[in-house]
Amino acid sequence: MKNVSKENPKGRKRVVLVAGTRPEVIKLAPVFFALKESERLEPVFVSSGQHREMLDQAFSVFGICPDVELGLMTPGQSLPELTARAITRLSAAFTDLQPAAVLLQGDTTTVFAAAVAAFYQRVLIGHVEAGLRTGDLYAPFPEEMNRCLTSPLARWNFCPTELSLANLRRESIKPERCFVTGNTVIDALYYVRDRLRRTNIAAPEVAARLGVTTAFTEHFLARRAARWILVTAHRRESFGVGIERVCAAINKLTAMHDVGVLYPVHLNPQVQEPVRRLLGSNPRVALTLPARYEDFIWLLDRCHFALSDSGGVQEEAPSLGKPVLVLRDTTERPEGVTAGTCRLVGTDPSRILLEASLLLNDGDEYARRSSLQNPYGDGRAAKKIAELLDASV
Ligand code: UD1
Ligand code: UDP
């Protein structure tokens, strides 16, 4: 433990926020800042360190230094060993910190382990981004299970939309434990978008940070008229054949169309190896390290469309008016699909090619699917969550 004293300052009740991966930091940062405004509550950030580099990168964008770092990540970690270590170390941290409540976000192993650890100590749990469901326990794997098991343990389920609230009601979660707040990713997105507007970053600057070649930068990133696709893919259900099929589709796409691809590759070795092997020599493809959040939003705002299996990207893209071809067979975020921005295409190369070609060739279709939509809230979700906690912790 670094900065946290055993005593709570001014008798404030301690709320521990737990994050282990990039999306959890991005989506909890606005809640941390909103809780800092409270005179009754003291927010304390615990990093489980489920991810190392990608987590540090996300914290640094928001200027947050976690109060406690558990450093859980080991290379190529398995789910059982990660889960067991996370429960043990988070339990010890909660014993030290004596929180009045813990706040978790999303669907990772860190969330599930922290929920179990908090439950054993009878600490109240708040779940941010609660109630998302595909209805298939194996997709996304194991995230659907993590969500399903966390909901009944939570005193406060902060649902992003009415649809996620309805999912919880179907599972008989009591209404007094459910609140519709919007998704805090929109708060984070607006925060970063406003900062980007003020700083007006140029393409070569972003390209230099990502290590993108001058040729790719000049041909694609720096030319407003040029068309390039932003790709992210890292889901466990796609490991092996799925990722290889996505790479095959990308190679065909760049051979058929005058289009570039920029792909910040997740650090998981099960993603790095096939992607670098299959796409590393394609001159129209820029493979980069994970982008810092600000750079990623810069990229998402300028790409022609996105090809992604990420949950967060499905939520951000409608607010930026960018179509997403979702590399999955099912999604726990149907709002973006209903809005018309997101379309499920799976990992079959012929389907990806067909759908990508439609967006590249048909201007009317592209215009229809790139209209601005915002099914995930007004950017004030974190404030609502902080107010609810302030009134009831
Ligand atoms: C995890 C989450 C997933 C979340 C995703 C966010 C689980 C089961 N899955 O999946 O819900 O959407 O993170 O990105 O909780 N690695 C590094 N450095 C990093 C990050 C990862 O080296 O900064 C490598 C390590 O070898 C690590 C491996 O990636 O062992 C896998 O990490 P892990 O947390 O087990 O699973 P993810 O598939 O990344
Ligand atoms: N993101 C980022 N850099 C990247 C790729 C994604 O900052 O190189 C952001 C993205 O904008 C979104 C979040 O990370 O807010 C999504 O994280 P990820 O795809 O790892 O997890 P998921 O959302 O699928 O749980």
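Predicted model, so just to flag it, every value in this text is computed and none were measured.

K.L.:
How would you explain the site of ligand 2 if you had to name every residue and give the values?
P.N.:
Surrounding ligand 2, one finds 14 residues, the nearest of these being Arg22, Ala291, Ser310, Gly312 and Glu316. The contact in question runs from an oxygen atom of ligand 2 to an N or O atom on the side chain of arginine 22, over 2.8 Å. Between ligand 2 and glutamate 316 there is a distance of 2.5 Å, counted from an oxygen atom to a side-chain nitrogen or oxygen. Expressed as a share of its isolated accessible area of 530 Å², the protein-covered part of ligand 2 is 95%.

K.L.:
Any details on the sheet that holds strand β1 (residues 13-19)? Residues and values, ideally.
P.N.:
With parallel pairing, 7 strands are arranged side by side in an open sheet as β3-β2-β1-β4-β5-β6-β7. Looking at the sheet topology across the chains shown, the edges are occupied by β3 (68-69) and β7 (178-180). With 5 bridges connecting them, strand β4 (residues 101-105) and strand β5 (residues 124-128) associate as parallel partners. Bridge assignment links glutamine 105 to a residue of β5, and that residue is valine 128.

K.L.:
Account for the pattern of salt bridges, naming residues and giving values.
P.N.:
Enumeration according to the criterion identifies 27 salt bridges in this entry. Between lysine 27 and glutamate 315 there is a salt bridge, and its shortest N-O distance comes to 2.8 Å. With a gap of 288 residues between them, lysine 27 in helix α1 (residues 22-36) and glutamate 315 in helix α13 (residues 311-320) connect regions that are remote in the sequence. For lysine 27, a relative accessible area of 3% puts it in the buried group. The partner of arginine 209 in a salt bridge is aspartate 295, and the shortest N-O contact between them spans 2.8 Å.

K.L.:
Can you break down the nonpolar core residue by residue, with the values?
P.N.:
Within soluble globular proteins, side chains that are nonpolar tend to cluster in buried spots. With 66 residues, the main nonpolar core has Leu35, Leu103, Leu262, Tyr293, Leu299 and Leu389 as its most contacted residues. No other element matches the 8 residues that α1 contributes to this core. Leave out the neighbours within four places in its chain, and leucine 389 touches Leu35, Arg40, Leu41, Leu103, Trp156 and Phe158.

Rules used throughout
- Residues numbered from 1 in each chain as written.
- Chains lettered and ligands numbered in written order.
- Predicted model: local features only at pLDDT ≥ 70, side-chain atom pairs only at ≥ 80, totals over all residues.
- Heavy atoms only, no water.
- Near = heavy atom within 4 Å.
- Polar contact = N/O pair within 3.5 Å; in protein donor to acceptor, adjacent residues only side chain to side chain.
- Areas by Shrake-Rupley, 256 points an atom, 1.4 Å probe, with all protein chains shown as cover.
- Pairing = 2+ DSSP bridges.
- Helix = DSSP H or I, 4+ residues; strand = E, 2+ residues; numbered from the N terminus.
- Salt bridge = Lys/Arg side-chain N within 4 Å of Asp/Glu carboxyl O.
- Buried < 20%, exposed > 50% of the residue type's maximum accessible area, 1.4 Å probe, protein only.
- Core = buried A, V, L, I, M, F, W, Y, C linked by side-chain atoms within 4.5 Å.
- Contact = heavy atoms within 4.5 Å.

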